[in-house]
Amino acid sequence: MAIASFMVPLGTPAPDFTLPAITGGTVSLKDLSGAPAVLVMFLSNHCPYVRRIESALGSVVAGYRDKGLAAVAICSNDVTNYPDDGPDHLREQAERAGFTFPYLVDETQEVAKAYRAACTPDFFLYDRDLRLAYRGQFDGARPGNDVPADGSSLRAAIDLVLAGKTVPEPHIPSLGCGIKWKPGNEPA
């Protein structure tokens, strides 16, 4: 069943985090601060909504790296019940999709809760002050439709944030697989 983003209020500060990366070491929000735009993405390997856009996502994010976008992906799914979202499979996904950004594991699911992430994919774009500027879809591509996976919605938002401008509403919620919460860990 497809789940939509919670649409966190614009201007909300980015919650802090320090998480292990699938390639080793850790990455913190402070490692991304200072960039004119910061993208925090909640992704997974098994979800068909993520699979539909993952290669385009890798390309879009890589294209903005030299323009000042700092990006990170986080997988918060319960890997006991969804082993395809374990670190080994996330490494395979990152290679397959051409991800050049850190991919982190949120085993406790506390970071997903702090961000109010609802689904994979779920995108949170922050300005240079780490205030939420955009939350919404990558583009209109979904499993079963022919809409090109080109990142048009997210690219338009990134362009505005990099230019120091406001991303006008409405923002179309992201749609995807619900985060796979550990039993008893579902947000209230």
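Check the entry above for the structure.
Residues numbered from 1 in each chain as written. Predicted model: local features only at pLDDT ≥ 70, side-chain atom pairs only at ≥ 80, totals over all residues. Heavy atoms only, no water.

A. Representation of the packing of helix 2 (residues 48-65) against helix 3 (residues 87-97) within the structure. Closest axis-to-axis distance for the helix 2/helix 3 pair is 8 Å, and the angle between their directions is 55°. It follows that helix 2 is oblique to helix 3 by the angle criterion. On helix 3, the residues touching Val50, Arg51, Glu54, Ser55 and Gly58 of helix 2 are Gln93, Arg96 and Ala97. By residue class, the composition of the contact of helix 2 with helix 3 is two nonpolar, three polar and three charged. (Axes fitted to C-alpha atoms, helices over the stretch in contact; angles between N-to-C directions. Helix = DSSP H or I, 4+ residues; strand = E, 2+ residues; numbered from the N terminus. Parallel < 35°, antiparallel > 145°, perpendicular 65-115°, else oblique. Contact = heavy atoms within 4.5 Å. Nonpolar A, V, L, I, M, F, W, Y, C, P; charged D, E, K, R; others polar.)

B. Examining the sheet that holds strand 4 (residues 37-42) more closely. Within the open sheet, the five strands sit side by side as 6-5-4-8-9. Their pairing is mixed. For this open sheet the edge positions go to strand 6 (103-105) and strand 9 (132-136), each flanked by a neighbour on one side alone. Direction aside, the axes of adjacent strands within the sheet are offset by 20° on average. Relative to strand 8 (residues 122-127), strand 4 runs antiparallel, the two being bridged by six bridges. Bridged to Val40 within strand 8 is Phe124. Most of the contacts of helix 3 go to strand 6, to which it runs at about 165°, and overall it touches strand 5 (69-75) and strand 6. Helix-sheet contacts for helix 5 (residues 152-162) involve strand 4, strand 5, strand 8 and strand 9, and the interaxial angle to strand 8 is about 10°. (Pairing = 2+ DSSP bridges.)

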